[in-house]
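# Inside the fold
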Amino acid sequence: MYEMWAETDPAAVDPSGLMWHVVSKDDASTALCGQLLELSRRVVPNGLGAPVGAPDRYCDPCLVTVRETMASADH
């Protein structure tokens, strides 16, 4: 199982949405895409500071890594 990490999406326009990353199992301070996960940027969905009604996006490189890992585990 992988942990997900939400932060404000810098590419979103007003209202800002969330960008979801997958936390690396080897190093909880980085996402599978290699991005550093900083507590100051983390957003708790449906909590204070979370954008309301904004669209969420998911990090494609993180999800590709998860798919590849799951596919290799099946073989």
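As a convention, each chain's residues are numbered from 1 in the sequence order in which they are written. Only residues with pLDDT of 70 or above have their local features reported here, since the model is predicted, and side-chain atom pairs are shown and tallied only from 80 upward, although totals for entire chains, interfaces and linings are computed over all residues. The side-chain values count all of the structure's non-hydrogen atoms but skip hydrogen atoms and water molecules.

### Some remarks on the sheet that holds strand 2 (residues 18-22)
Two strands in a sheet stick together by hydrogen bonds in their backbones, pointing the same way (parallel) or opposite ways (antiparallel). Strands pair, by our definition, only if DSSP identifies at least two bridges between them. Runs of H or I in DSSP of at least four residues are treated as helices and runs of E of at least two as strands, each being numbered from the N terminus. The three strands are arranged 1-2-3 in an open sheet whose pairing can be described as mixed. Edge positions in the open sheet fall to strand 1 (4-8) and strand 3 (56-58), since each of these has one partner strand only. When strand polarity is set aside, the average angle formed by the axes of neighbouring strands in this sheet is 30°. In the sheet, strand 2 pairs with strand 3 via three bridges, with the strands oriented parallel. When the bridges of strand 3 are listed, Leu18 appears paired with Asp56. Each of strand 2 and strand 3 is contacted by helix 1 (residues 60-74), which is oriented at about 30° to strand 2, the strand it contacts most. To get an axis, a line is fitted to the C-alpha atoms, and for a helix only the part in contact is used. The angle between two axes follows their N-to-C directions and goes from 0 to 180 degrees. Note on contacts: a residue pair qualifies if any of its non-hydrogen atoms lie within 4.5 Å across the two residues.

### Description of the state of the cysteines
The rule for a disulfide is simple: a pair of cysteine sulfur atoms within 2.5 Å. In this structure the tally under the stated criterion is zero disulfides. There is no disulfide at Cys33, and the cysteine sulfur nearest it, in Cys62, is 3.8 Å away. The buried label applies to any residue whose accessible area, calculated with a 1.4 Å probe on protein chains only, is under 20% of its type's maximum; exposed applies above 50%, and partly exposed to all values in between. By relative accessible area, which is 32% here, Cys33 ends up partly exposed. Summary of cysteine pairing: Cys59 is not part of a disulfide, and the nearest cysteine sulfur, belonging to Cys62, is at 3.6 Å.

### A word on the side chain of Glu7
Mapped onto the elements, Glu7 comes out in strand 1. You can call Glu7 buried: its relative accessible area is 5%. Here the side chain of Glu7 touches Trp5 through a polar contact of 3.3 Å, side chain to side chain. When neighbours within four sequence positions are excluded, Glu7 is seen to be in contact with Gly17, Leu18, Met19, His21, Gln35, Arg41, Arg42 and Val43. We define a polar contact as two N or O atoms separated by no more than 3.5 Å, with the added condition that, inside protein, one atom must be a possible hydrogen donor and the other a possible acceptor, whereas residues neighbouring each other in sequence contribute only through side-chain atom pairs.

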